[in-house]
Structure formats: structure tokens, C-alpha cells
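Chain residues, written in single-letter form:
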Amino acid sequence: MRLPLLIASALIALTACTPVTTDTPPRLGADGKPLPKLYRIPASAKATIPYEVLDAVNSLRAASGAGPVQIDTRLTAAAATHARDMSQQNRPWHFGSDGSSPIDRVRRVGYSGQLLGENISETYETELETLAAWMDQPDTRRVILDKRARDMGFAWHQENNGKIWWDMIIGGGSGVATPGT
């Protein structure tokens with residue numbers, strides 16, 4: 001009598017330990033791939049995201065034999081302006097609504113170093129997913145891993161619908177260190 005009672009109690013206890021999952025399978029698009037999940041950048045992460053990306057970029061650079069970059073507030077300001085402008089234009093491209101080029105924008109913010117490149121993205125993905133996508137493309141990977149790089153600006157604009165416009169600007173150094181944002 002005790003053994004069946006102990007077995008029943010053990011089964012009840014084990015059932016209580018089994019995680020209940022309410023995850024639904026991912027919704028698939030017409031191409032059979034999962035539809036993107038909405039990623040909202042939490043207010044608490046806005047100050048840390050640039051440094052998480054900086055750490056990831058510097059890890060990638062170290063693995064490739066390139067030296068580290070630092071966040072430059074001027075390049076970040078230029079990136080933030082362009083991220084918002086791309087959203088207003090509703091297209092990811094390197095020219096501003098006023099006809100400005102990346103070179104024009106970094107000069108406007110007082111950056112005197114060499115502009116090495118700008119990576120942009122229109123997505124619903126996280127900053128690290130976006131960085132991974134940039135690393136998958138030869139032209140954007142080349143910008144991130146450029147051995148001449150010393151400075152990085154990184155910013156974004158998120159629309160109410162969740163779409164994020166990312167902008168990373170890499171510079172060759174201005175001779176004046178500008179600590180974080």
C-alpha cells in the first residue's frame with residue numbers, strides 16, 4: 001500500500017517540476033522562414049547598447065588581428081542624425097535628405113579624422129543580430145575590420161512600429177580621443 005502511494009506522490013512531484021511551455025511555434029512567412037519577432041529597445045538599455053556593440057566589434061577586430069576602436073561622441077552624433085533621417089526618408093541609404101554624404105555628416109559634427117566607412121540597416125533585429133548580418137557581407141565586414149580604424153560611432157532610431165534604423169560609422173582617428181556617449 002505504501003509503495004503505490006509513494007510512486008503516485010513521486011509522479012505528482014515530477015509533474016510539478018516539468019516546465020509548462022506556452023511558446024507557440026514561430027509563424028512562417030511565404031518563404032518558409034520564421035517571421036521576425038518585434039524587438040523593442042528598452043529604455044534601460046539605451047546607454048549600454050553602444051558599449052555592448054563596441055565590445056563585440058573589438059572582439060571581432062582582435063580575432064582578425066586589428067586593434068580596438070573607441071566610441072567617439074562626434075561620430076555617434078552623426079550616426080544618430082542619419083538614423084533618424086533614414087527613417088524619415090523611409091529608405092536605408094547613405095545620403096541624407098539634404099543631399100549630405102557620410103563625409104559631409106562627420107565633418108558637420110567636427111570629426112577631423114578619416115571616414116573609413118558607414119554601415120546602415122533597416123531591420124527589426126537586435127543590435128547584435130544586425131552586427132552579425134554586417135559581418136556576413138564582405139563590404140560591411142571590411143568597414144568593421146579595417147585595420148586603420150580607431151573610432152566608432154553607433155546609433156539608431158526605432159519607429160513606433162518597431163522598425164529600427166541602425167547606423168555605424170568607422171573613422172581612422174582624429175588624434176583627439178573622445179570618450180563614450
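As a further point, take the pairing of strand β4 (residues 164–171). Most of β4 sits inside the fold, with eight of its eight residues counted as buried. What you see with β4 is no split at all: Ile 164, Trp 166, Met 168 and Ile 170 on one side and Trp 165, Asp 167, Ile 169 and Gly 171 on the other are buried throughout. When strand β2 (residues 115–123) meets β4, the two strands line up antiparallel, connected through eight bridges. The partner of Ile 120 across the bridge, within β4, is Asp 167.

Pairing in this open sheet of four strands is mixed, and the strands run β1-β3-β4-β2 from one edge to the other. Each edge of the sheet is formed by a strand with only one pairing partner; in this case those strands are β1 (70–71) and β2. Its contacts with the sheet place helix α3 (residues 73–89) against β1, β2, β3 (151–158) and β4, and it is angled at close to 30° to β3. The strands touched by helix α6 (residues 138–145) within the sheet are β2 and β4, with β2 carrying the most contacts at an inclination of about 130°.

Here the focus is the nonpolar core. Counting 24 residues, the largest nonpolar core has Ile 49, Val 57, Ile 144, Met 152, Phe 154 and Met 168 as the members making the most contacts within it. If you list the elements that add at least two residues to this core, you get α2 (49–64), α5 (127–135), α6, β3 and β4. If you look at the next biggest cluster of nonpolar residues, it comprises seven residues, including Leu 75, Ala 79, Val 106 and Tyr 111.

Analysis parameters
Residues numbered from 1 in each chain as written. Predicted model: local features only at pLDDT ≥ 70, side-chain atom pairs only at ≥ 80, totals over all residues. Heavy atoms only, no water. Buried < 20%, exposed > 50% of the residue type's maximum accessible area, 1.4 Å probe, protein only. Helix = DSSP H or I, 4+ residues; strand = E, 2+ residues; numbered from the N terminus. Pairing = 2+ DSSP bridges. Contact = heavy atoms within 4.5 Å. Axes fitted to C-alpha atoms, helices over the stretch in contact; angles between N-to-C directions. Core = buried A, V, L, I, M, F, W, Y, C linked by side-chain atoms within 4.5 Å.

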